[in-house]
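As a plain string of letters, each chain reads:
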Amino acid sequence: MYDEYESKMKKTVEVLENSFATIRAGRANPSVLDQLKVDYYGTPTPINQIATVSNPDPRTLMIQPWDASSLGPIEKAIIASDLGINPANDGRFLRLVFPQPSEERRKELIKQVSKYAEEAKIAIRNIRRVTVEKYKAQKKTGEITEDDLADTEKDLQKLTDNYIKEVEKVAQRKESEIKEI
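Procedures and definitions
Residues numbered from 1 in each chain as written. Predicted model: local features only at pLDDT ≥ 70, side-chain atom pairs only at ≥ 80, totals over all residues. Heavy atoms only, no water. Helix = DSSP H or I, 4+ residues; strand = E, 2+ residues; numbered from the N terminus. Rg over C-alpha atoms; globule rule 2.2 N^0.38 Å. Buried < 20%, exposed > 50% of the residue type's maximum accessible area, 1.4 Å probe, protein only. Areas by Shrake-Rupley, 256 points an atom, 1.4 Å probe, with all protein chains shown as cover. Lys, Arg positive; Asp, Glu negative; His and termini not counted. Charge placed at Lys NZ, Arg CZ, Asp CG, Glu CD. Pairing = 2+ DSSP bridges. Salt bridge = Lys/Arg side-chain N within 4 Å of Asp/Glu carboxyl O. pLDDT = per-residue confidence, 0-100.

When helices and strands are counted, the protein shows four helices and six strands. From first element to last, N terminus to C terminus, the protein shows the α and β order α-β-β-β-β-α-β-β-α-α. Relative to its length of 181 residues, the protein is extended, with a C-alpha radius of gyration of 22 Å against a globular reference of 16 Å. Considering only C-alpha atoms, the protein reaches an extent of 70 × 40 × 20 Å along its principal axes. Looking at the protein residue by residue over its 181 residues, the buried ones come to 38%. Accessible surface, the protein as shown: approximately 10,800 Å² in total, 49% of it carbon and sulfur. Looking at the protein, you have 30 positive and 31 negative side-chain charges, and the mean spots of the two groups are 3 Å apart.

Okay, here's the thing in structure tokens:
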């Protein structure tokens, strides 16, 4: 009965997990580059569509463009980003070395995790609010009874609480990953 709303809430958690994957937490993870776009012949293009990104060791990413002329634009995009890493350019590859984060940087990352988690919780609550309004409108038109509306609100609240707990679990997992670095 609530499959549509549950799938929206599930999608919110998935988006949160994808957002967490882009947070640079000390280990080199190619997904930190997913949000970056490179000006490739006038078109904003994701790095993974114009280069091979490899992970030779836990703290290093290697970027090898398929077209050597795109090395410069990739380097500029990385420098202009909020990654805080300067790539080493050897003419064929870009090497990104991820330093061990300082205590201050860890605190910033944890704040970022909390912010993303709070945004996800708000999105889940908004799904519940919109859904309840929809059912209240159905009650006004006589499509459902007062008891049906009360049951629906109770069920939606349980669903919302479950997904809020899921968001908190995902956020705690990411925070502990950051603290372990």
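Moving on from the model shown.
Once that is clear, we can look at unusual backbone geometry. At Tyr-41, a position not held by glycine, the phi torsion is positive, near 50°. Secondary-structure assignment places Tyr-41 in the loop between β1 (37–40) and β2 (43–46).

Now for the pairing of β2. Relative to β2, β1 is paired through four bridges, and the arrangement is antiparallel. Residue pairing across strands places Val-38 opposite Thr-45, the latter belonging to β2.

Across all of its chains, the model carries 10 salt bridges by this definition. In this structure, Arg-106 engages Glu-103 in a salt bridge whose closest nitrogen and oxygen atoms are separated by 3.4 Å. Note that Arg-106 and Glu-103 are positioned in helix α3 (residues 103–140) at a spacing of three residues, about one turn of the helix.

Time to look at the confidence of the model for the protein. With 97% of its residues at a pLDDT of at least 70, the protein reaches an overall mean of 87. Taken element by element, the predicted model of the protein shows its lowest mean pLDDT in β1 (87) and its highest in α3 (92).

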